Amino acid sequence: PEAGANFTMVATAIQSNLVFSGDTLYIEPGHIETGSIQITKRLTIIGPGFNIVENNYNLMNADDATLQGIDIISDSVHLSGLKITGKIYCNNYSSNHTNYLSIDNCYITVSGRAMWLGGTGIQIKGCYIYGYINCGGEGREEYYTTTACTFENNIVYGQIRGTERMINWIVRNNTIVSSRDDENYVVSGLSQSTISNNIIINTSTGYRTQTNENQSIDTIFYKHYALEDKTSLNNDVHNNIISNNTNPNFFNSVFNASVEDVLIWNGANTLEEKYK
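Everything numeric here is computed off the predicted structure, so don't read it as measured data.

> Account for the pattern of salt bridges, naming residues and giving values.
Counted under the stated rule, the structure contains six salt bridges. Linking Arg-172 and Glu-152 is a salt bridge whose minimum nitrogen-to-oxygen distance equals 2.5 Å. Placement of Arg-172 in strand 18 (residues 170–172) and of Glu-152 in strand 14 (residues 150–152) is noted, with a sequence separation of 20 residues between them. Of the residues examined, Glu-152 reaches a relative accessible area of 10% and is grouped as buried. Here Arg-180 makes a salt bridge to Asp-182, at a shortest N to O gap of 2.6 Å. Overall, the relative accessible area of 14% leaves Arg-180 in the buried class.

> I'd like a description of the sheet that holds strand 21 (residues 194–196), backed by residues and values.
Pairing within the open sheet is parallel, and its nine strands lie in the order 1-3-5-8-11-14-18-21-25. Strand pairing shows two members of the sheet lacking a second neighbour, strand 1 (24–26) and strand 25 (236–238), which therefore form its edges. Between one strand and the next, the sheet's axes are offset by a mean angle of 5°, whatever the strand orientation. Note: strand 14 against strand 18, three bridges, orientation parallel. Paired with Phe-151 across the strands is Val-171, a residue of strand 18.

Analysis parameters
Residues numbered from 1 in each chain as written. Predicted model: local features only at pLDDT ≥ 70, side-chain atom pairs only at ≥ 80, totals over all residues. Heavy atoms only, no water. Salt bridge = Lys/Arg side-chain N within 4 Å of Asp/Glu carboxyl O. Helix = DSSP H or I, 4+ residues; strand = E, 2+ residues; numbered from the N terminus. Buried < 20%, exposed > 50% of the residue type's maximum accessible area, 1.4 Å probe, protein only. Pairing = 2+ DSSP bridges. Axes fitted to C-alpha atoms, helices over the stretch in contact; angles between N-to-C directions.

Given below as structure tokens:
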């Protein structure tokens, strides 16, 4: 209170006639806002960052700024330096999508689906995401087509899933780890996209067997279901480290990778160090 902030709640600021489209809201360290907020204006919202103590940053106040969930209605919203503990919805039902969303340097942690994306020109960079990123499905596919998006330099413990409506994406320099005990891919639904310089690993140790046409037994390992491959999707896939089996459509890549062989993982001292 002694700082003389204009507002004590983000939701109140967004609703205020004193806050205009194009304005920037700065959230102080330690702010915790319960309940999902709805962003109805073209705003930039900036917090102090995340994991400040864990990463040995020397700041006077090392607390996160935490929002429980965000429903983004306006185009051209920018979120940075926030801890978000609830779902992010990016799909304006009145216009079928939300365009030009930018999320960078945020810690997003949700059990299950963390982000519902729909629109064009979305940029997600430098984030730690614990949960699933969803683009399509549940009978409302028309609201979840995402085009010309950039997803780079992120750590994801979860999955990126779509229904072939993730079109013309750039997916690069990410570490994406998940465990699925089935034949669904950790990363799926991308088409006409460039997927490069990523580490994508399914840590599942599960498998199933089947009898093939020669009456011998085939073993299908779930760890090979990391990055989806369909020739019809016309993706450019190169320079990745993946747990998939060898695939000639994935150029200049390392196959059958495990987290123990590629990342610090079990020997890490911090959460982020696991993924180095």
